[in-house]
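Summary of structural features
Below are the chains, spelled out letter by letter.
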Amino acid sequence: MQRDGYVLTARLQQSVNLRIRPGRAAFALLLAAAAAAPGPLGEITRAMVIDAYVQVSVFVAATLLAFYAAERYFKFDLKRMLAGNRLAAVPIAAGLGATPGCGGAVIVVAAYSSGHVSFGAVVAALTATMGDAAFLLIAVRPDAAAVVLPLSFFVGILSGWIVNWLMPGFGATRRGHAIDPAPPIGRTRLIDVAYLAPAIPGFGIGVLQLFQIELSGALHWLPPALALFGVGSGMVIWATSRFRAMSHGSDSPVTRMAEETSFISVWVIGAFILYEYLAAFFGLDLEAVFAAAMPYLPLAGVLIGFIPGCGPQVLVTTLYISGVIPFAAIIGNAISNDGDALFPAIALDPRTAILATAVSAVPALIVAYGFYFLAPGFMN
């Protein structure tokens, strides 16, 4: 009986497979303490957490779930499609990069590491990708996404073709090692379902708010309760995740949605809170500051795009959605940023990764300052 108890305990630990990340857990605890604090600190924190969840997170969750469910249902085989169309590799790579999230661009980088695609295809994918920030933009500003994503796609194709023309033999004999991502979770966990549960009614509330319909009376408690449960479960997922940011392609749509939405939500909540803290406690008028630095904002967006990972890019997108930075900054960031695809690229070939990122900065600056000077009020 005692042995059976040990076996049961071991199986439970294996099934839960929690691995707490100290830095992420510390952030979650600080957020909880700030939200529970009395006075203005607690009031502002709670308000921003609720706003971030109802106005952003639930839409990101719905978009991710729909995308990954469609991917699973239609059984896309992106790797086979890329390898079987060598003549059209650049536009296919740009299409993979333009796919919301970082998975498509990572596939192209992996194909390049084994010598199956050209360096121009890598440039096309990294130029076209907007990473996880694309989900946020689609969910909250679909009008802007309808411009940013196709434009990034076409700029990626053009950049890739130009690079292949100027550097026809670069990387032709490249043979590397396969990317070994974190292993899949392998099942839909209870915490994933718990994250989805409040997101369903939360999405309905978010839609009502888009139409300027506010809940009142007996239902006024619903947004805070859903945000508390949704953000709380999301913090558990994020603080114990085995992934850097991007989920594994073989996991269920619900698991992938929970993993990636919780990651994006942390950055959105952080951006919302930082903005309000600076305004409320330090008297900083960020709109006035950015207005004074307006000519440099497109450049700043491009430079932030050099930072590996999707977190900083989600922050830039949040600032654009909040009306703090202009469209020129978000389009420059979208073209220059490589999302999480830059991590495997750096690991496999740092020189190629740096060169591809530097190449993407050229069209990013051209397009960003083109909008800044020729269409300064566009999509603002």
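This section reports on the structure supplied with the text. Throughout this document, residue positions are counted from 1 along each chain, in the order its sequence is written. Whole-chain, interface and lining totals are the exception, using all residues; otherwise, since this is a predicted model, local features are given only for residues with pLDDT of at least 70 and side-chain atom pairs are given and counted only at 80 or more. Side-chain metrics in this entry use all non-hydrogen atoms of the structure; hydrogen atoms and water are not considered.

**Regarding the overall build of the chain**
What counts as a helix is a DSSP run of H or I of at least four residues, what counts as a strand is a run of E of at least two, and both are numbered from the N terminus. Per the secondary structure count, the chain includes 18 helices and 0 strands. Buried, partly exposed and exposed residues are distinguished by accessible area as a fraction of the type maximum, computed with a 1.4 Å probe on protein chains only: under 20%, between the cut-offs, and over 50%, respectively. Classification of the 380 residues of the chain by burial places 48% in the buried group. Residue contacts follow a heavy-atom distance rule, with two residues in contact if any of their heavy atoms lie within 4.5 Å. Long-range pairs, those at least 24 residues apart, make up 82% of the contacts in the chain between residues at least 6 apart in sequence. Carbon and sulfur atoms form 71% of the exposed surface of the chain, whose accessible area is close to 18000 Å². To be clear on the numbers: accessible area is Shrake-Rupley with a 1.4 Å probe, and residue cover counts the displayed protein chains and nothing else.

**As for the packing of helix α7 (residues 119-128) against helix α9 (residues 142-166)**
At their nearest, the axes of α7 and α9 sit 7 Å apart, and the two run at 160 degrees to each other. With respect to each other, α7 and α9 are oriented roughly antiparallel. Regarding α7 and α9, the two cross each other, and that crossing is right-handed. Side by side, α7 and α9 meet where Phe119, Gly120, Ala121, Val123, Ala124, Thr127 and Ala128 of the first sit next to Ser152, Phe153, Val155, Gly156, Ser159, Gly160, Val163 and Asn164 of the second. A breakdown of the residues in the contact of α7 with α9 according to their chemical character gives 8 nonpolar, 7 polar and no charged. Geometry is summarised by axes, namely lines fitted to C-alpha atoms with helices restricted to the contacting stretch, and by angles between N-to-C directions that run from 0 to 180 degrees. An angle below 35 degrees is treated as roughly parallel, one above 145 as roughly antiparallel, one from 65 to 115 as roughly perpendicular, and anything else as oblique. When the near helix sits turned anticlockwise from the far one by under a right angle, the crossing is termed left-handed; a clockwise turn instead gives a right-handed crossing. Each residue is assigned to one class: nonpolar for Ala, Val, Leu, Ile, Met, Phe, Trp, Tyr, Cys and Pro, charged for Asp, Glu, Lys and Arg, and polar for all the others, Gly among them.

**Some words on the packing of aromatic side chains**
The aromatic pairing rule takes the rings of Phe, Tyr and Trp, using the six-membered ring of Trp, and pairs them if the centres are within 6.5 Å, calling planes under 30 degrees apart stacked, those over 60 edge-to-face and the rest tilted. Using the criterion set out here, one finds 12 aromatic pairs in the structure. Each ring, one from Phe327 and one from Phe371, has its centre 5.1 Å from the other, and the planes form 70 degrees; the classification is edge-to-face. Of this pair, Phe327 sits in helix α16 (residues 327-336) while Phe371 is found in helix α18 (residues 350-374), placing the two residues 44 residues apart along the sequence. Summarising the burial analysis for this pair, Phe327 and Phe371 share the class buried. Through pairs of rings, three or more aromatic residues link up here, namely Tyr320, Phe327, Phe371 and Phe378. Ring-over charges, as used throughout, are those where CZ of Arg or NZ of Lys falls within 6 Å of the ring centre and within 35 degrees of the ring normal. Above the face of the Tyr68 ring, Arg256 is positioned so that its terminal group lies 3.8 Å from the ring centre.

**Here's the deal with the side chain of Ser252**
Note on placement: Ser252 falls in the loop between α11 (222-239) and α12 (253-281). For Ser252, a relative accessible area of 16% puts it in the buried group.

**Side note on the packing of helix α14 (residues 297-304) against α16**
Across the interface, α14 lies against α16 with an axial gap of 7 Å and an inter-helix angle of 25 degrees. Between α14 and α16, the crossing angle belongs to the class labelled roughly parallel. For the pair α14 and α16, the crossing hand works out as right-handed. The segment α14 lies against α16, with Leu297, Pro298, Gly301, Val302 and Ile304 engaging Ala328, Ala329, Gly332, Asn333 and Ser336. Split into classes, the residues belonging to the contact of α14 with α16 amount to 6 nonpolar, 4 polar and no charged.

**A short note on a nonpolar patch on the surface**
Put simply, a patch holds well-exposed residues, over 30% relative accessible area, that have no salt bridge, with like charges counted together within 9 Å and Val, Leu, Ile, Met, Phe, Trp or Tyr side chains within 5 Å. By definition here, a salt bridge exists when the distance from a side-chain nitrogen of Lys or Arg to a carboxyl oxygen of Asp or Glu is within 4 Å. Where nonpolar side chains cluster on the molecular surface, the patch consists of Leu41, Phe281, Phe282, Leu284 and Val289 and spans about 460 Å² of accessible area. Positionally, Leu284 belongs in the loop between α12 and α13 (286-292).

**A look at the nonpolar core**
Definition of nonpolar core: a set of buried residues of the types Ala, Val, Leu, Ile, Met, Phe, Trp, Tyr and Cys, connected through side-chain atoms within 4.5 Å. Ranked by size, the top nonpolar core spans 73 residues in total, and within it Tyr53, Val60, Met130, Val268, Ile325 and Ile331 carry the most contacts. Sort the elements by how many residues they give to this core and helix α3 (residues 39-74) lands first, with 13 residues. Sequence-distant contacts of Val268, defined by excluding residues within four places in its chain, comprise Ala52, Val56, Leu136, Val314 and Thr318. Formed by 23 residues, the second largest nonpolar core is a distinct cluster that contains Val106, Val123, Val163 and Leu342.

**With respect to α12**
In an α-helix, one turn spans 3.6 residues, which is why side chains three or four residues apart end up on the same side. How far a helix is expected to stretch is found by multiplying one less than its residue total by 1.5 Å. With 29 residues, α12 extends 41 Å between its outermost C-alpha atoms, agreeing within 8% with the 42 Å of an ideal straight helix rising 1.5 Å per residue. Of the residues flanking the end of α12, it is Gly283, one or two places downstream, whose phi is positive at about 65 degrees.

**A short note on the pattern of salt bridges**
Across all of its chains, the model carries 3 salt bridges by this definition. Arg189 is the salt-bridge partner of Glu259, the closest N and O atoms lying 2.9 Å from each other. Linking Glu259 in helix α12 with Arg189 in the loop between α9 and α10 (190-210), this pair joins segments that are 70 residues apart in sequence. Residues Glu259 and Arg189 agree in their burial class; the two are buried. In this structure, a network of salt bridges that share partners links the residues Arg189, Asp192 and Glu259.

**Comments concerning the environment of Gly42**
Relative to the helices and strands, Gly42 resides in helix α3. Each C-alpha atom of the pair Gly42 and Leu31 lies 9.8 Å from the other, and the pair is 11 residues apart in sequence. Setting aside its immediate chain neighbours within four residues, Gly42 contacts Ala34, Ala35 and Ala37.

**Let's talk about the environment of Val60**
Locating Val60 in the fold gives a position in helix α3. For the pair Val60 and Ile264, spaced 204 residues apart in sequence, the C-alpha to C-alpha distance is 8.3 Å. Val60 has contacts with Phe135, Leu136, Ala139, Thr261 and Ile264, leaving out every residue within four places of it along the chain.

**A short note on the side chain of Gln313**
Looking at where Gln313 falls in the secondary structure, it is placed in helix α15 (residues 311-321). The class of Gln313 is buried, set by a relative accessible area of 0%. Gln313 has contacts with Ala133, Ile304, Gly305, Ile307, Asn333 and Asn337, leaving out every residue within four places of it along the chain.

In short, the description is geometric, and any link to function would need to be established separately.
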